[in-house]
Amino acid sequence: MGRDPHAGYLYVIRGRSGNLIKIIWHDGLGMSLYAKRLETGRFLWPSPADGSVSISPAQLTYMLVSA
């Protein structure tokens, strides 16, 4: 993805059906994984222009809290 995984970036991946997201990040000791699955509904996701999307911390928070 063209970024250093040890630099504190979060990698957010949405499942194909839209009801699952996974967040991968380096926490200083190793890689950590957070996953959230919705029983109903889908995560709103911006359209990727070149295969990847950059979102702000506020947008990520909105996705995780409002879902």
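Look a little higher up for the structure.
Each chain has its residues counted from 1, following the order in which its sequence is written. Given that the model is predicted, a residue must reach a pLDDT of at least 70 before its local features are reported, and side-chain atom pairs must reach 80 or more before they are shown or counted; all residues, however, enter totals for whole chains, interfaces and linings. As a rule here, side-chain values come from all non-hydrogen atoms in the structure, and water together with hydrogens is ignored.

J.: Just checking my understanding: could you explain the environment of Gly18 for this structure?
T.: When you line up the elements, Gly18 lands in the loop between β1 (11-14) and β2 (20-26). Each C-alpha atom, one on Gly18 and one on Leu38, is 8.7 Å from the other, the two residues being 20 residues apart in sequence. Residues within four places of Gly18 in sequence aside, it is in contact with Arg42 and Phe43. Each helix is a run of H or I in the DSSP string that is no shorter than four residues. Each strand is a run of E no shorter than two, and both are numbered from the N terminus. Residues are treated as being in contact if the distance between any of their heavy atoms lies within 4.5 Å.

J.: Where do I start with the pairing of β1 in this structure?
T.: Working note: regular strand, side chains alternate between the two faces of the sheet. Strand pairing is assigned whenever DSSP identifies at least 2 bridges connecting the two strands. Relative to β2, β1 runs antiparallel, the two being bridged by four bridges. Bridging across to β2, Val12 finds its partner in Ile23.

J.: Explain the pairing of β2 to me, please; I cannot follow it from the model alone.
T.: A loop of five residues connects β1 with β2, the two strands running antiparallel in sequence, and Gly18 in this loop sits at a positive phi of about 90 degrees. Where β2 lies against strand β3 (residues 31-37), seven bridges are found, and the strand directions are antiparallel. Note that in β3 the partner of Ile21 across the bridge is Lys36.

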